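# Working through the structure, step by step
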Amino acid sequence: MSGVRLERSRTDRAMAAAKLMLGWVALLWLLEGVDVATGHALDGLGITPRTPSELVDVVPAAFIHFGFAHVAANTVPLLVLGFLAALGGIRRFAAICALIVVADGLGVWLVSPSATNTAGASGLIFGLFGYLLVTGFVERRPLGMAVGLLVGAVWGGSILAGLAPTQTSVSWQGHLVGLVAGVVAAFVFRRRPAPAAPLIP
């Protein structure tokens, strides 16, 4: 019975993670549809650096995109990386995402070039990549290490390209801050091993 319960628990967790990420991505597409229908009225929710009134856009900016091509570019990596991270538990995943989104938004506000408008889920994607890359090693879990190596092999090249300062059309600053925030999240939210049961002589 315990084996059945464990398998069901894993299945339930996978289903919850899949539903969450499908809903998340659907929301991004819906918001972009609203943005286009309103003459890009939502683009103002992006972050303009070092403008005090723009601090309220730190979180909303992670859900706004500049065109359907922008959303499409973020859809697959957000789905896959978000699903893998959410397998560790929805509440834990929500806390990880909150840390990454807020840290990334504040980082963009602080260090991005003046007179720019930054928005999109790529900062969160870079954060989830950083989190998955190192969390298995932080927690010393072989399966987590394997996932980190796989994620690094599949997306490592794209991540490095997204950090290149020569790309003036993307916020490499936001990518870098998101990546660092994800690595920090792996330490902040690491699972500590359960204490060993005392031996009774």
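Coordinates for the structure precede this section.
A short tour of the structure in this document, coming up. (Residues numbered from 1 in each chain as written. Predicted model: local features only at pLDDT ≥ 70, side-chain atom pairs only at ≥ 80, totals over all residues. Heavy atoms only, no water.)

## Re the overall build of the chain
Short version of the rule: Only DSSP runs of H or I covering at least 4 residues are called helices, and only runs of E covering at least 2 are called strands; the numbering of each starts at the N terminus. Within these notes, the globule rule equals 2.2 Å times the number of residues to the 0.38 power, and the radius of gyration is based on C-alpha atoms. We call a residue buried when its accessible area falls under 20% of the maximum for its residue type, exposed when it is over 50%, and partly exposed in between, using a 1.4 Å probe and counting protein chains only. By definition in these notes, contact holds between two residues if any of their heavy atoms fall within 4.5 Å. In this count, Lys and Arg are taken as positive residues and Asp and Glu as negative ones, while His and the chain termini are left out. Charged groups are reduced to one reference atom each: NZ for lysine, CZ for arginine, CG for aspartic acid, CD for glutamic acid.
Summing up its helical and strand segments, the chain has six helices and zero strands in all. Ordered by position from the N terminus, the helices and strands of the chain form the series α-α-α-α-α-α. Rg of the C-alpha trace for the chain: 18 Å, near the compact-globule value of 17 Å for 201 residues, within the 12% margin. Seen through its principal axes, the chain has C-alpha atoms that stretch 70 × 30 × 30 Å. Of all 201 residues assigned to the chain, the portion counted as buried reaches 40%. Long-range pairs, those at least 24 residues apart, make up 78% of the contacts in the chain between residues at least 6 apart in sequence. Separation of charge centres in the chain, based on 13 positive and 9 negative side chains, amounts to 20 Å.

## Topic: helix α3 (residues 90–111)
We apply this condition: What a helix is expected to span follows from its residue count: subtract one and scale by 1.5 Å.
An ideal rise of 1.5 Å per residue puts 32 Å on 22 residues; α3 measures up with 31 Å between its terminal C-alpha atoms. Among the residues of α3, Arg92, Phe93, Ile96, Cys97, Ile100, Val101, Asp104, Gly105, Gly107, Val108 and Trp109 are the ones counted as buried.

## Digging into a nonpolar patch on the surface
Rules: Residues enter a patch when their relative accessible area is above 30% and they make no salt bridge; the linking distance is 9 Å between like charges and 5 Å between nonpolar side chains (Val, Leu, Ile, Met, Phe, Trp, Tyr). For accessible areas, the Shrake-Rupley method is used with a probe of radius 1.4 Å. Any residue's cover is judged against the shown protein chains and nothing else. Salt bridges are identified by distance alone: a Lys or Arg side-chain nitrogen within 4 Å of an Asp or Glu carboxyl oxygen.
Taken together, the side chains of Leu55, Val59, Val102 and Leu106 make up a nonpolar region of the molecular surface, amounting to roughly 280 Å² of accessible area. Among the structural elements, Leu106 can be located in helix α3. We classify Leu106 as partly exposed; its relative accessible area is 36%.

## So, the packing of helix α4 (residues 122–139) against helix α5 (residues 142–162)
Going by this rule: To define axes, lines are fitted to C-alpha atoms, for helices over the stretch in contact only, and angles between the resulting N-to-C directions are given on a 0 to 180 degree scale. Each crossing gets its hand from how the near helix is turned against the far one by less than a right angle, where anticlockwise is left-handed and clockwise is right-handed. Think of it as three bins: nonpolar holds Ala, Val, Leu, Ile, Met, Phe, Trp, Tyr, Cys and Pro, charged holds Asp, Glu, Lys and Arg, and polar takes everything else, Gly as well.
The contact between α4 and α5 brings their axes to 8 Å, and the two run at 145°. Handedness of the crossing formed by α4 with α5: left-handed. The segment α4 lies against α5, with Phe126, Phe129, Leu132, Leu133, Gly136 and Phe137 engaging Gly144, Met145, Gly148, Leu149, Val151, Gly152, Trp155, Gly156, Ser158, Ile159 and Gly162. Here the residues of the contact of α4 with α5 are counted per class, giving 10 nonpolar, seven polar and no charged.

## Description of helix α6 (residues 172–188)
Helix length check: α6, at 17 residues, gives a terminal C-alpha distance of 24 Å against a target of 24 Å (1.5 Å per residue), a fit within 8%. Those residues of α6 that are buried lie in contact with α3, α4 and α5.

## Description of the pattern of salt bridges
Evaluation of the coordinates by the stated rule reveals two salt bridges. A salt bridge links Arg92 to Glu139; its shortest N-O distance comes to 2.7 Å. Taken together, the positions of Arg92 in helix α3 and Glu139 in helix α4 put the pair 47 residues apart, joining distant regions of the chain. Look at Glu139 and you get buried, because its relative accessible area is 11%. Glu139 is the partner of Arg141 in a salt bridge, and the nearest nitrogen-oxygen pair spans 2.5 Å. Among the charged side chains, a salt-bridge network with shared partners connects Arg92, Glu139 and Arg141.

## A look at the layout of surface pockets
Applicable threshold: Using only the protein atoms, space was sampled on a 1 Å grid; points where a 1.4 Å probe fits but cannot get out form cavities, open sets with protein on both sides within 12 Å along at least five of seven lines form pockets, and lining residues are those with an atom within 4 Å of a point. Grid points are joined across faces, edges and corners, and a volume is the space filled by probe spheres set on the points.
Each pocket or cavity is described by its volume, and for the largest pocket that value is around 720 Å³. Along the wall of the largest pocket there are 39 residues; nearest its centre are His70, Ser122, Val170, Ser171 and His175. Size it by volume and the second largest pocket reaches roughly 570 Å³. If you go around the second largest pocket, you meet 18 residues; those closest to its centre are Arg13, Leu87, Gly88, Arg141 and Leu143. Listing elements by their share of the lining of the second largest pocket, those giving two or more residues are α1 (2–37), α2 (68–86), α4 and α5. Take the lining of the second largest pocket: its biggest share by element is five residues, from α1. Considered class by class, the residues forming the lining of the second largest pocket number nine nonpolar, four polar and five charged.

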